[in-house]
Amino acid sequence: MSELQDRLAAQAAQLGADAFGVADLTPARAFMVDQGGEFLGRFPRAVSVGVRLPEGIVDELPRHAEPAVAL
């Protein structure tokens, strides 16, 4: 899986992503099935890609000064 993860991370970076990660969802399978059904339980991993928003856009968000919103 490391090779695939490395390829995905490189592609995300090439496309301008500021953050990339892969999470193992197997420890949360029971919770996922409870919340979303067997369909979600079939996915053992999740991929996250993050793009930083310009501060000017973030400053326009409601409650932008709150730490949970600003991070």
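Our structure is the block above this text.
Figured I'd write up the structure that's included with this text.

Thresholds applied
Residues numbered from 1 in each chain as written. Predicted model: local features only at pLDDT ≥ 70, side-chain atom pairs only at ≥ 80, totals over all residues. Heavy atoms only, no water. Helix = DSSP H or I, 4+ residues; strand = E, 2+ residues; numbered from the N terminus. Buried < 20%, exposed > 50% of the residue type's maximum accessible area, 1.4 Å probe, protein only. Contact = heavy atoms within 4.5 Å. Areas by Shrake-Rupley, 256 points an atom, 1.4 Å probe, with all protein chains shown as cover. Patch = residues over 30% accessible without salt bridge, like charges linked within 9 Å, V, L, I, M, F, W, Y side chains within 5 Å. Salt bridge = Lys/Arg side-chain N within 4 Å of Asp/Glu carboxyl O. Expected span 1.5 Å × (residues − 1).

1. Comments concerning the overall build of the protein
If you tally the helices and strands in the protein, you get five helices and two strands. Secondary structure elements of the protein, listed N to C terminal, follow the sequence α-β-α-α-β-α-α. Along the longest, intermediate and shortest principal axes, the C-alpha atoms of the protein span 40 × 30 × 15 Å. Relative to its 71 residues, the protein shows a buried fraction of 8%. Of the contacts formed within the protein by residues at least 6 apart in sequence, a portion of 42% connects residues at least 24 apart. Accessible surface, the protein as shown: approximately 5900 Å² in total, 58% of it carbon and sulfur.

2. Quick notes on unusual backbone geometry
Even without being glycine, R63 reaches a positive phi, approximately 60°. Residue placement: R63 occurs in the loop between α4 (55-58) and α5 (67-70).

3. Some words on a nonpolar patch on the surface
Nonpolar side chains collect at one region of the surface, where L4, L8, V47, V49 and V51 lie side by side and expose about 450 Å² of accessible area between them. For V51, the position within the fold is in the loop between β2 (45-50) and α4.

4. A look at helix α1 (residues 2-14)
With 13 residues, α1 should cover 18 Å at 1.5 Å per step; its first-to-last C-alpha distance of 18 Å lies within 8% of that length. G16 sits one or two positions beyond α1 and adopts a positive phi of about 100°.

5. Considering the environment of A19
As for its placement among the helices and strands, A19 is situated in strand β1 (residues 19-24). In this structure the C-alpha to C-alpha distance between A19 and G41, which are 22 residues apart in sequence, comes to 25 Å. Ignoring sequence-local partners within four residues, the contact set of A19 consists of S48, V49 and G50.

6. A word on the pattern of salt bridges
This model, assessed by the stated rule, comprises three salt bridges. Close ionic contact of E38 with R29 constitutes a salt bridge, the shortest N to O distance being 3.0 Å. Residue E38 is classed as partly exposed on the basis of its relative accessible area, which comes to 48%.

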